[in-house]
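# Structural overview
This is what each chain is made of:
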Amino acid sequence: MKNIITILGARPQFIKAATLSKALDEHPEAQEILIHTGQHFDSNMSEIFFNQMSIPEPKYNLAINNLGHGAMTGEMLKATEKILLDEKPDLVVVYGDTNSTLAGALAATKLHIPVAHVEAGLRSFNMHMPEEINRILTDRISSFLFCPTEAAINNLHNEGFKNFDVIIKNVGDVMFDACRTFALKAKPPQFSDPFILVTIHRAENTNDPSKLKAIVEALNILHQEIKVVIPLHPRTAQYLKKYGLTLKCAIVEPVGYLEMLGMLQKAKAIVTDSGGLQKEAYFHSKSCVTIRDQTEWVELVECGANILSSTNTAEIVQKVRYSLEKTISLNPILYGDGHAVDKIVNLLL
Ligand code: UDP
């Protein structure tokens, strides 16, 4: 029997973990314990995903949130180390690029417990992003690097990972697995008008008042042409209030994954700064405008499915109008065959 501890804490990690947790649960040789760091804690940012995707209840909930990066990562490191010393797992699994990812990987590695990093090798090459720092450090101390794309594999090779005693594998994207697994359970939106689906929450866009203002202005212009639906991330809501900005769009509370899949199926196009949404747009053959200067999902830009935009109002409006005219097909196959978790489980066990 292999005892595995999975460490998660933020919304995209619940979605990434759902299908792997299910596969581990069904495997006779694996036993998984979840640690929820508490980084995301509102019920519509956390609990709803556990319920909708039948993710096992975490044995530990650290309730660590609303702290600066240093304090948050430090608290998580301390608390996780204590649990790992008690539970003595054979392996720790971490996902993506949040503070929970780095803290979990660091706690385990210092105790000589091997770490599997799911979604390894991604790079934006922008060291101002907290996510980029978390990814690079987590990759370097992990033993199993499960990459979602060829570009991620190449990034690791370019950083000399061939010289390290680690397993690097392109298994495909676990979010593609999730999307396929839950597609039939998707909850369609209650309205029928054509709409674009928007999510904005990256610190680089929300924390800077001039950038956030320019994005708000663009979305307000677009909403006069086609309905703009925004499940509003709590951080964005907080900064809109702080800067006195008003979104004149169809604002909704953050929704569950099944509602999100329902909206992805019906939307005319996607506008986002989310990592996950860029790919989910593609999985649903929808064109996407990403309000960022660079993306880790470079293959989407290369094949024309995703267009990057600066925060300039006119540029956003023009690119969204253009993307509404575009047809996207799920070709080439960029993110695996929808069985990433089976490959991960086989390699781990
Ligand atoms: N998502 C969701 N409800 C929402 C907004 C996003 O379920 O209201 C999902 C989305 O479909 C994707 C994931 O959350 O699967 C992306 O998470 P987020 O944008 O928070 O993080 P990122 O992918 O940028 O790390």
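Given the structure is predicted, the values throughout are model-derived calculations rather than measurements.

A few words on empty space enclosed by the protein. This model, assessed by the stated rule, comprises three cavities of 30 Å³ or more. By volume, the largest cavity is sized at about 60 Å³. Around the largest cavity sit Val-198, Ile-200, Leu-212, Ile-215, Val-216, Leu-219, Ile-230, Leu-232, Thr-236, Leu-240 and Leu-247, which together line it. Residue assignment for the lining of the largest cavity shows that the elements contributing at least two residues are helix H9 (209-223) and helix H10 (234-243). Top contributing element to the lining of the largest cavity by residue count: H9, with four residues. The class makeup of the residues in the lining of the largest cavity is ten nonpolar, one polar and no charged. Approximately 50 Å³ is the volume attributed to the second largest cavity. Taken together, Phe-176, Tyr-282, Phe-283, Leu-330, Pro-332, Ile-333, Leu-334, Tyr-335 and Gly-336 make up the full set of residues lining the second largest cavity.

Below, the discussion takes up the side chain of His-40. Residue placement: His-40 occurs in the loop between strand E2 (30-36) and helix H2 (47-52). At 2.9 Å, the side chain of His-40 and the backbone nitrogen of Arg-11 are in polar contact. Contact partners of His-40, with chain neighbours within four places excluded, come to Gly-9, Ala-10, Arg-11, Phe-14, Met-45, Ser-46 and His-233.

Take the packing of helix H11 (residues 257-266) against helix H12 (residues 275-283) next. Closest axis-to-axis distance for the H11/H12 pair is 10 Å, and the angle between their directions is 50 degrees. By the angle between their directions, the pair H11 and H12 is classed as oblique. With respect to the hand of their crossing, H11 and H12 are arranged in right-handed fashion. Contacts from Tyr-257, Met-260 and Leu-264 of H11 reach H12 at Leu-277, Glu-280 and Ala-281.

A separate point is the pattern of salt bridges. In the structure shown here, the tally under the stated rule is 19 salt bridges. Here Glu-87 ties to Lys-59 by a salt bridge, and the two come within 2.7 Å at their closest N and O atoms. Residue Glu-87 is located in helix H3 (residues 69-87), and its partner Lys-59 is located in the loop between H2 and strand E3 (60-61); the two are separated by 28 residues in the primary sequence. A relative accessible area of 52% means that Lys-59 is categorised as exposed. Notably, a salt bridge pairs Lys-213 with Glu-217, separated by 3.2 Å at the nearest N-O pair. On the criterion of helical spacing, the pair formed by Lys-213 and Glu-217 is a turn pair, its members being four residues apart in helix H9.

Residues Asn-331 and Pro-332 are joined by a peptide bond in cis, for which omega reads 10 degrees. We note that Asn-66 has phi near 55 degrees; this positive angle belongs to a residue other than glycine. Counting through the fold element by element, Asn-66 comes out in the loop between E3 and H3. For His-112, which is not glycine, the phi torsion reads 65 degrees and is therefore positive. Note on placement: His-112 falls in the loop between helix H4 (99-110) and strand E5 (115-118).

Right, let's get into the site of the ligand. Around the ligand, a shell composed of 18 residues is seen, among which Val-255, Ser-274, Gly-275, Gly-276 and Glu-280 lie nearest. Separating a nitrogen atom of the ligand from a backbone N or O atom of Val-255 is a distance of 2.7 Å. Separating an oxygen atom of the ligand from a side-chain N or O atom of Glu-280 is a distance of 2.5 Å. Look at the ligand: alone it shows 540 Å² of surface, and the protein chains cover 96% of it. Elements with a minimum of two residues in the shell around the ligand: helix H1 (11-26), H11 and H12. With four residues, the single largest contributor to the shell around the ligand is H12. Residue composition of the shell around the ligand, grouped by class: ten nonpolar, five polar and three charged. No fewer than three residues from each of domain 1 (2-170) and domain 2 (184-333) sit in the shell around the ligand.

Before going further, it helps to spend a moment on the domain arrangement of the chain. What the domain assignment lists for the chain is domain 1 (2-170) and domain 2 (184-333). A separation of 26 Å is found between the C-alpha centroids of domain 1 and domain 2. Each partner contributes residues to the interface: domain 1 has 21 residues there, and domain 2 has 20 residues. The contact between domain 1 and domain 2 buries some 1600 Å² in all, and 57% of this surface belongs to carbon and sulfur atoms. Among the residues domain 1 hides against domain 2, the three largest losses belong to Asn-44, Gln-52 and Met-129. Together they make up 28% of the total. On inspection of domain 1 and its partner domain 2, the count reaches three salt bridges. Between Arg-202 and Glu-131 there is a salt bridge; the shortest N-O distance is 2.9 Å. Here domain 1 and domain 2 share seven residue pairs in polar contact (both at pLDDT 80 or more) between them. For the side of domain 1 that touches domain 2, the secondary structure elements donating two or more residues are H1, H2 and helix H5 (130-141). In terms of residue count, H2 provides more of the side of domain 1 that touches domain 2 than any other element does, three residues in total.

Calculation criteria
Residues numbered from 1 in each chain as written. Predicted model: local features only at pLDDT ≥ 70, side-chain atom pairs only at ≥ 80, totals over all residues. Heavy atoms only, no water. 1 Å grid on protein atoms, 1.4 Å probe; cavity = no way out; pocket = protein on both sides within 12 Å on 5 of 7 lines; lining within 4 Å. Points joined across faces, edges and corners; volume = space filled by probe spheres on them. Helix = DSSP H or I, 4+ residues; strand = E, 2+ residues; numbered from the N terminus. Nonpolar A, V, L, I, M, F, W, Y, C, P; charged D, E, K, R; others polar. Polar contact = N/O pair within 3.5 Å; in protein donor to acceptor, adjacent residues only side chain to side chain. Contact = heavy atoms within 4.5 Å. Axes fitted to C-alpha atoms, helices over the stretch in contact; angles between N-to-C directions. Parallel < 35°, antiparallel > 145°, perpendicular 65-115°, else oblique. Left-handed = near helix turned anticlockwise from the far one by under 90°. Salt bridge = Lys/Arg side-chain N within 4 Å of Asp/Glu carboxyl O. Buried < 20%, exposed > 50% of the residue type's maximum accessible area, 1.4 Å probe, protein only. Near = heavy atom within 4 Å. Areas by Shrake-Rupley, 256 points an atom, 1.4 Å probe, with all protein chains shown as cover. Domains from an automatic or database assignment. Buried area = accessible area lost by both parts, 1.4 Å probe.

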